[in-house]
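Chain by chain, the residues:
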Amino acid sequence: MVLPLQLIMTATVQVEHAAPQLYATLNTRRTCSSVSTPRITTHYTVHSRDKDSRWEGVEMERFADEADVVIVGGGPAGLSAAIRLKQLANEHEKELRVCLVEKASQIGAHTLSGACLEPSALTELIPDWKERGAPLNTPVTEDVFSILTEKHRIPVPILPGLPMVNHGNYIVRLGNFVRWLGEQAEELGVELYPGYAAAEVLFHEDGSVKGIATNDVGISKDGSPKDVFERGMELHAKVTLFGEGCHGHLAKQLYKQFNLRENCEPQTYAIGLKEVVLSVTEHSVGWPLNRHTYGGSFLYHLNEGEPLVALGFVSIPKLTFPGGLLIGCSPGFMNVPKIKGTHTAMKSGMLAAEAVFPKITAESLDSETTGLHAPEYAETLKNSWVWKELHAVRNIRPSFHNYFGLYGGMAYTGVFYWIFRGKEPWTLKHCGLDANQLKPAKDCTPIEYPKPDGKLSFDLLSSVALSGTNHEGDQPPHLTLKDDSVPVSRNLSIYDGPEQRFCPAGVYEYVPLETGEGMRLQINAQNCVHCKTCDIKDPSQNINWVVPEGGGGPAYNGM
């Protein structure tokens, strides 16, 4: 079954207006209204409840619980860390309480799959994974690489040793694989709490991380408390592992709090389209992208065809800080040319577990801060195969920043990776934040996309229900704006409202003001599929994605 590109990040059809056209012509671009800016953001992270009379007398005390380790995120990294911690505890006959919180209603529900999984880390973690019924059912039997033009496909040989060689790997539904990892973790005694979104990082008085708090529930869309309002709970731990996945909203806070990105390049992001055909992994570059746009396609066979997604990251920040560590795709352990990050994310979680376990179980805690600091994690990671693998490919993605674009990058990869295996004595840099790459609308030619034919291509809203996305409608939009006036005054006036184009779920649209004078931004937050593209790509960096009520969001169910 061939599914639309928009399905990579889809949403439900609960919108109040039809999705806007992809590009409005420049001579009809809307201008700012002279009336006051309509209030869009009602979330308490922007508008403090301390100054809101509606919250007077509301009980705000939170229940607190203690664990040895708290893990944020039930993906491959978080679950691997949890499993490894309990394995070590059993080996050393130690009592260890490990709690894992996951914002999805079920473990794996927010994991849009499929993946070509390299099983190296899995074999290290669970050597008998085949006997335990791990859902790795489709081994790769053939690799194909092509350059596409508008009408033709040019085959390119995949030489031994290149990142696209996938023999020995498996094509999987990542959501099902993650669910299976959750089962293994529970068997070992890990406490899993799906449906609980970590909304806040807690700190000790000395500045070290104390744990996390889950989000409050029972708040109306206008920001007022409902009769069923409940405070979130606090989970305190000796050390907290943050494995939120791409562009984690707590990781963003930690980057600033501890200046973790001081000595690294900005992360860059990409979305990929996958299709499933035969037992082949087929990758391509070229059309419909021009040579200066980094991207391509990958067609994977699963034994059950479904849509697939990949988000790629580079630029690893400082990984440790007092009371916590970063693991998985949030800090960016994806091997971009391989288009794989599951195995490296899992290994990072395992190494984090091995670094913190001796400190947690030591009879006398040797730490300068209340929250344990485990800088050994960064050192063991640099001495592992993960670092060696990522270091070898560090220049492949930034090598595309040249006059020849795609073709220059391919030539660089052929010479410096295939021949020298990434041992060149230099490291190339990126071009800055993705948010800074947009051009003003006046400098661009509107793109006229062909209308969907309903067979091979589909309009956005006809496919959105397939994601199973659902949020409680009467809650403050979790897509918050630092300044409600910026979308119209800057994004619409300069960039022709890019939110309505880069969001793959139809969350953002510009609609006329009720007075008929000017436009306003409407946010259909209930359709959000948690891809965080808006937070990443907003040219004003005015959008801040925060977690909605726990359990909300997509329900991919093994897609």
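See the structure above.
Quantities reported herein were computed from a predicted structural model and do not represent experimental measurements. (Residues numbered from 1 in each chain as written. Predicted model: local features only at pLDDT ≥ 70, side-chain atom pairs only at ≥ 80, totals over all residues. Heavy atoms only, no water.)

Some remarks on the pattern of salt bridges
For clarity, the cut-off: When a carboxyl oxygen of Asp or Glu is within 4 Å of a side-chain nitrogen of Lys or Arg, the pair counts as a salt bridge. The helix and strand labels rest on DSSP assignments: H or I over at least four residues marks a helix, E over at least two residues marks a strand, and numbering proceeds from the N terminus. Categorising residues by exposure relies on relative accessible area from a 1.4 Å probe, with only protein chains included: less than 20% of the type maximum marks a residue as buried, more than 50% marks it as exposed, and the intermediate range marks it as partly exposed.
A complete count under the given rule lists 21 salt bridges for this structure. Close ionic contact of R54 with D222 constitutes a salt bridge, the shortest N to O distance being 3.5 Å. Note that R54 is positioned in the segment before strand 1 (64–72) and D222 in the loop between strand 11 (217–219) and strand 12 (225–230), a separation of 168 residues in sequence. A relative accessible area of 36% means that R54 is categorised as partly exposed. Given the relative accessible area of 41%, D222 is considered partly exposed. Where salt bridges share partners, they join R49, D216 and R231 into one cluster.

Observations concerning helix 10 (residues 486–495)
We apply this condition: This arc describes the spread of directions from the helix axis toward the C-beta atoms.
The complete set of buried residues in helix 10 reads V486, P487, V488, N491, L492 and Y495. When helix 10 is viewed along its axis, its buried side chains cluster within an angular range of 160° and face the same direction. The first or second residue beyond helix 10 is D496, which carries a positive phi of 60°.

Overview of the layout of surface pockets
We apply this condition: Only protein atoms enter the calculation, which uses a 1 Å grid: trapped sets of points that fit a 1.4 Å probe without letting it out are cavities, open sets showing protein on both sides within 12 Å along at least five of seven lines are pockets, and any residue with an atom within 4 Å of a point is a lining residue. Grid points are joined across faces, edges and corners, and a volume is the space filled by probe spheres set on the points.
Quantified by volume, the second largest pocket comes out at close to 920 Å³. In terms of lining residues, the second largest pocket is bounded by 38 residues, among which H249, K252, K256, D535 and N544 are the most central. Contributing elements (two or more residues each) for the lining of the second largest pocket: strand 9 (198–203), helix 4 (249–258), helix 12 (533–537) and strand 22 (543–545). At 5 residues, helix 4 tops the list of elements feeding residues into the lining of the second largest pocket.

Regarding the packing of helix 1 (residues 76–91) against helix 3 (residues 174–187)
Let me state the cut-off plainly: Helix axes use the C-alpha atoms of the stretch in contact, all axes being lines fitted to C-alpha atoms, and the angles between their N-to-C directions lie in the range 0 to 180 degrees. If an angle is under 35 degrees, it is roughly parallel; if it is over 145, roughly antiparallel; if it lies from 65 to 115, roughly perpendicular; otherwise it is oblique. Note on convention: near helix rotated counterclockwise from far helix by under a right angle means a left-handed crossing. Clockwise means right-handed. Whether two residues touch is decided by their heavy atoms; if any such pair falls within 4.5 Å, the residues are in contact. Gly counts as polar in this scheme, as do all residues outside two lists: the nonpolar Ala, Val, Leu, Ile, Met, Phe, Trp, Tyr, Cys and Pro, and the charged Asp, Glu, Lys and Arg.
It is at 9 Å that the axes of helix 1 and helix 3 come closest, and there the two elements cross at 20°. Compared by their axis directions, helix 1 and helix 3 come out roughly parallel. Along this stretch, helix 1 crosses helix 3, giving a crossing that reads as left-handed. On helix 3, the residues that touch P76, L79 and I83 of helix 1 are V178, L181, G182, Q184 and A185. For the contact of helix 1 with helix 3, the residue count by class is 6 nonpolar, 2 polar and no charged.

Details of the sheet that holds strand 3 (residues 115–117)
To keep it simple, the criterion reads: Whether two strands pair depends on DSSP finding at least two bridges between them.
Pairing within the open sheet is antiparallel, and its 3 strands lie in the order 3-7-4. Edge positions in the sheet fall to strand 3 and strand 4 (138–139), since each of these pairs with one other strand and no more. Bridge count between strand 3 and strand 7 (residues 170–172): 3 bridges; the pairing is antiparallel. Note on strand 7: the bridge partner recorded for L117 is Y170.

Things to note about the packing of aromatic side chains
Rules: Only Phe, Tyr and Trp rings are paired, with Trp represented by its six-membered ring, and only when their centres lie within 6.5 Å; those with planes under 30 degrees apart are stacked, over 60 edge-to-face, the remainder tilted.
Under the counting rule described, the total for this entry stands at 7 aromatic pairs. Aromatic side chains W55 and F229 sit 5.0 Å apart centroid to centroid with 80° between the ring planes, which places their arrangement in the edge-to-face category. Here F229 lies in strand 12 and W55 lies in the segment before strand 1, a separation of 174 residues in the sequence. For W55, a relative accessible area of 6% translates into the label buried. Relative accessible area serves as the criterion here: at 13%, F229 is assigned to the buried category.

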